[in-house]
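Listed below, chain by chain, are the residues.
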Amino acid sequence: MERIGGFFLAISHETELIEGLKAALDEAKRKKHKILFSEVVEVDNISPLSFYQVGREQYIGERFFWQDPNKDIIIAGLGKVEKIQVSAADSRFMEVEASWTALIENAVKTGILEKEGTGPLLFGGFSFDHNKSNSLLWDQFGDNLFYIPAFMLSIVKGQAYLTTNLICSPEDHVQLFIKMINERDTLLSGSVNFGNGHHEIIEQREIAPEHWKYTVANTIEEIKGTDLKKLVLAREMRLIFNHSVLSEQVLQKLAVEQQTSFVFSLETGSDCFIGASPERLIKKTGNEMFSTCLAGSIARGKTKQEDDRLGYELLHDQKNLVEHQYVVSMIGEAMKSVCSSVNIPKAPALMKNRHIQHLYTPVKGMCNRFVSIFEMIEKLHPTPALGGLPKEKAVRRIREVEQLERGFYSGPIGWTDSYGNGEFAVAIRSALLQGKEASLFAGCGIVEDSTPEGEYNETSIKFKPMLSALGGNLHE
Ligand SMILES: C=C(O[C@H]1C=CC=C(C(=O)O)[C@@H]1O)C(=O)O
Ligand SMILES: [Mg+2]
């Protein structure tokens, strides 16, 4: 057991906090609508995972976690002062942005300002395909789901910040402050206990692997005979446990084992979507933008020699190079449409993750005008690393032939702050946790030279990050 402590620093800012809150209440009364109030203070460095864990009792079902591979920004959010979930399916990216903009336009901010990843922040994601009818499996998520947390710990380049958010309505009173401080105090005096009651797997089952291979074989024929060039097909694995899985335990394992990936979780109700994705969709800081082309895969070797040989093989393999190049062309075009300069290396490099290596091309651009992160998501999603080529046809074929419900798997997941910075990853190497059950997802890019057996083996490797974090059998 460890005391979370260190937070009482925040209390010395109480006067400033009350002033800010009064300003927000006045504003709400004047404007006759709700106002978002947000305070940011520096705090002693503590572990965001401890913060997340301490919030279990009070905020389970309303927590999120984010860590980028560089550990430049780590965010843990607890509770929600506002949920954004829009119903206009075909314009969902722009609708989410509109709701977010309306909320932050009039926000009253106090304490530290303009710090990336702090203050009012929207965290959440979109499903892969808004046109696929939602199954029971994903009904808690819908086709988009975002939170503005009540309390948030951000570690930005090594410094910790605590953000406290509150929605003030015209009829609210400054008493609101007392409630908020009480909640924060309860939280900050909580004890960290990651729990010993570790879940164990009692059943591990691949869903319809033979049917999946059959679909891959048909898709290869379709690619050979039509204008379809590439199609990403996913499959599912189901796990059943003896106890409910605690998302903080899984996050902790992912953070240790998947150092080169984005580690994330998003809870809603009794469900948690969780994963460790090596693939960035888009990052925006100021007017710089970054995207990642990640497609083409091979196993890691057991020895350094074998690993180097496999890496060399991947870098020179025609099938994987073609699979990769489709992604580079598409992301390159999307970035060029809004950037004054775009930098794309001529040839892919290797990205080595714990269980797999990929062909990797980072893309960097300078925006030539104000472009929002949501506009970029709309342009990019789904890239041919998740959908296929041509884009619309690929999404339609996936909807028709894939047996599973992707839900948030392979969709954009991430955050944006009120200053226009943000980052979204593609939610692969992920699982949906539902009490004593979990659904894992893994897909791969089918091209003309694919084979059903080869792609089946590739997806088996892609299950490993989540399987390992959940204590599954890796068949090694
Ligand atoms: C769709 C997935 O991976 C994509 C990302 C990297 C490499 C891929 C590949 O080589 O097929 C996939 O396009 C997944 O992990 O579920
Ligand atoms: Mg592949």
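Residues numbered from 1 in each chain as written. Chains lettered and ligands numbered in written order. Predicted model: local features only at pLDDT ≥ 70, side-chain atom pairs only at ≥ 80, totals over all residues. Heavy atoms only, no water.

**Some remarks on the confidence of the model for the chain**
Link 1 in the chain: Taken over all residues, the pLDDT of the chain has a mean of 94, while the share at 70 or more is 96%.
Link 2 in the chain: Below pLDDT 50 for its whole length, residues 5-12 participates in 17 contacts with residues either more than four positions away or in separate chains. (pLDDT = per-residue confidence, 0-100. Contact = heavy atoms within 4.5 Å.)

**Quick look at the coordination of the magnesium ion (ligand 2)**
Link 1 in the chain: Surrounding the magnesium ion (ligand 2) are the protein donor atoms E323 (OE) and E458 (OE), at 2.2 Å. In this pair, E323 is assigned in helix α9 (residues 318-336) and E458 in helix α12 (residues 452-469), connecting sequence segments 135 residues apart. Grouping residues by exposure puts E323 and E458 together as buried. (Donors = N, O, S within 2.8 Å, 3.2 Å for Na, K, Ca; no water. Helix = DSSP H or I, 4+ residues; strand = E, 2+ residues; numbered from the N terminus. Buried < 20%, exposed > 50% of the residue type's maximum accessible area, 1.4 Å probe, protein only.)

**Notes on the packing of helix α1 (residues 14-31) against helix α5 (residues 176-188)**
Link 1 in the chain: Orientation of α1 relative to α5, taken along the N-to-C sense of each, is 135°, at an axis distance of 11 Å. One finds that α1 runs oblique with respect to α5. In the packing of α1 onto α5, the handedness of the crossing is right-handed. For the pair α1 and α5, contact is made by E14, L17, I18 and L21 and by F177, M180, I181 and R184, respectively.
Link 2 in the chain: Taken together, the residues that form the contact of α1 with α5 break down as six nonpolar, no polar and two charged. (Axes fitted to C-alpha atoms, helices over the stretch in contact; angles between N-to-C directions. Parallel < 35°, antiparallel > 145°, perpendicular 65-115°, else oblique. Left-handed = near helix turned anticlockwise from the far one by under 90°. Nonpolar A, V, L, I, M, F, W, Y, C, P; charged D, E, K, R; others polar.)

**Some thoughts on the nonpolar core**
Link 1 in the chain: Grouped together as the largest cluster of nonpolar side chains are 84 residues, with contacts concentrated most on L266, I282, M289 and F374.
Link 2 in the chain: Considering each element in turn, this core owes the most residues, six residues, to α9.
Link 3 in the chain: Looking at this core, you find at least three residues from each of domain 1 (2-192) and domain 2 (201-469).
Link 4 in the chain: With residues near it in sequence (within four places) discarded, I282 still touches M289, F290, M335, I373, M376, I377, L380, G422, E423 and F424.
Link 5 in the chain: The next biggest cluster of nonpolar side chains, apart from the first, holds 56 residues, and it includes L17, L187, I274 and A276. (Core = buried A, V, L, I, M, F, W, Y, C linked by side-chain atoms within 4.5 Å. Domains from an automatic or database assignment.)

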